[in-house]
Amino acid sequence: MKIIASLTSPYVRKVRIVLAEKKIEAELLIENVWSEGTKISESNPLGKVPCLLLEDGSTIYDSRVIVEYVDTLSPVGKLIPSGGRERASVKTWESLADGILDACILARLEATWRPTEQQSQAWIDRQMTKTQHSLRSMSIQLGDSSWCHGNQLSLADIAVGCALGYLLFRFPNVKWQEEYPNLDRLYQKLLLRPSFIESEPPTA
Ligand code: GSF
């Protein structure tokens, strides 16, 4: 298997962490989807990474579908419960964490991609409000528990860790660590795992 990837994408990071936790190897094919010459649409017509390339030439996207598929490939370290409320709970955590990323990326693109005179501060504020509400909800739901769901690592923790790491990487002005010490406790624990360490976004 190969993954078309960017080293700064938090969605790619989620997939890489899931692969590492499952002890499944996949080659990273680094692609700059923002460059003029990108060929990403030949694999993913939506023009986004991550995109998983299978041996038979078929492709799987987006990150939520990829991690769901990868979790079925090996019984090692099951990350998504197989059904019912448990499964819905883990996947709702993932939606919440990915939703923070979606909101932050919309805010970032507004500020970096659009010409200055077309930028809307109201739009950026709208996205950052969603981020604030979601952080609060995560903190309340986590409470004093060791993990987001159940009593072991799941996709919920991985997705939350990727969202928190992305905030530190691109939005250091969002002071979630001070406001939500329980999220920081979880984050510091996740950071000890090789899967998180090896997928840290490059700082330069
Ligand atoms: C989001 C992927 C995405 O936005 C998923 O895989 O979960 N729901 C999808 N990827 C960004 C890179 S990044 O900001 O993480 C991407 O490829 N953007 C290119 C574009 O044209 O939007």
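Further up the page is the structure itself.
Report on the accompanying structure. Note that residues are indexed from 1 along each chain, following the sequence as it is written. The predicted origin of the model limits local features to residues at a pLDDT of at least 70 and limits the giving and counting of side-chain atom pairs to 80 or more, whereas totals for whole chains, interfaces and linings rest on all residues. Side-chain measures here rest on the full set of heavy atoms in the structure, leaving out hydrogens and waters.

## Some points on the site of the ligand
What counts is decided by this rule: Here, proximity means that at least one heavy atom of the residue falls within 4 Å of the molecule or strand. Two N or O atoms form a polar contact when they lie within 3.5 Å of each other; inside protein one atom must be a possible hydrogen donor and the other a possible acceptor, and for residues adjacent in sequence the pair counts only when both atoms belong to side chains. With residues, only the protein chains shown are counted as cover, and all accessible areas are computed by Shrake-Rupley using a 1.4 Å probe. The classification used treats Ala, Val, Leu, Ile, Met, Phe, Trp, Tyr, Cys and Pro as nonpolar, Asp, Glu, Lys and Arg as charged, and all other residues, Gly among them, as polar.
The ligand sits among Ser 9, Pro 10, Tyr 11, Val 33, Trp 34, Gly 47, Lys 48, Val 49, Pro 50, Asp 62, Ser 63 and Ile 105. In this structure, an oxygen atom belonging to the ligand sits 2.6 Å away from a side-chain N or O atom of Ser 9. Alone, the ligand offers 540 Å² of accessible surface; in the complex the protein occludes 80% of this. Considered class by class, the residues forming the shell around the ligand number 7 nonpolar, 3 polar and 2 charged.

## Here's the deal with the sheet that holds strand E1 (residues 2-5)
The criterion, for reference: Note on pairing: DSSP must find at least two bridges between two strands before they are called paired. Only DSSP runs of H or I with at least four residues qualify as helices, and only runs of E with at least two residues qualify as strands; both kinds are numbered from the N terminus onward.
An order of E2-E1-E3-E4 is seen for the 4 strands of this open sheet, with the pairing classed as mixed. Of all strands in the sheet, those bounded by a partner on one side alone are strand E2 (27-30) and strand E4 (59-60).

## Some remarks on the nonpolar core
To keep it simple, the criterion reads: Remark: nonpolar core denotes a set of buried residues (Ala, Val, Leu, Ile, Met, Phe, Trp, Tyr, Cys) joined through side-chain atoms within 4.5 Å. Type-normalised accessible area, obtained with a 1.4 Å probe on protein chains alone, sets the label of each residue: buried when under 20%, exposed when over 50%, and partly exposed for intermediate values.
Grouped together as the largest cluster of nonpolar side chains are 58 residues, with contacts concentrated most on Leu 135, Met 138, Ile 158, Val 160, Trp 176 and Leu 183. If you list the elements that add at least two residues to this core, you get E1, helix H1 (10-22), strand E3 (51-53), helix H3 (63-73), helix H4 (84-112), helix H5 (121-142), helix H6 (155-170) and helix H8 (181-190). The leading source of residues in this core is H6, at 10 residues.

## Concerning the pairing of E1
Rules: For a crossover, the right-handed case is the one in which the path from the first strand over the helix to the second runs clockwise, viewed with the strands pointing away from the viewer.
When E1 meets E2, the two strands line up parallel, connected through 4 bridges. Bridge pairing in E2 places Ile 4 opposite Leu 29. For the crossover from E1 across H1 to E2, the handedness is right-handed. Sheet topology note: the E1/E3 ladder contains 3 bridges and is antiparallel. Across the sheet, Ile 4 pairs through a bridge with Cys 51, a residue of E3.

Spatial relationships are all this shows, so hold off on functional conclusions.
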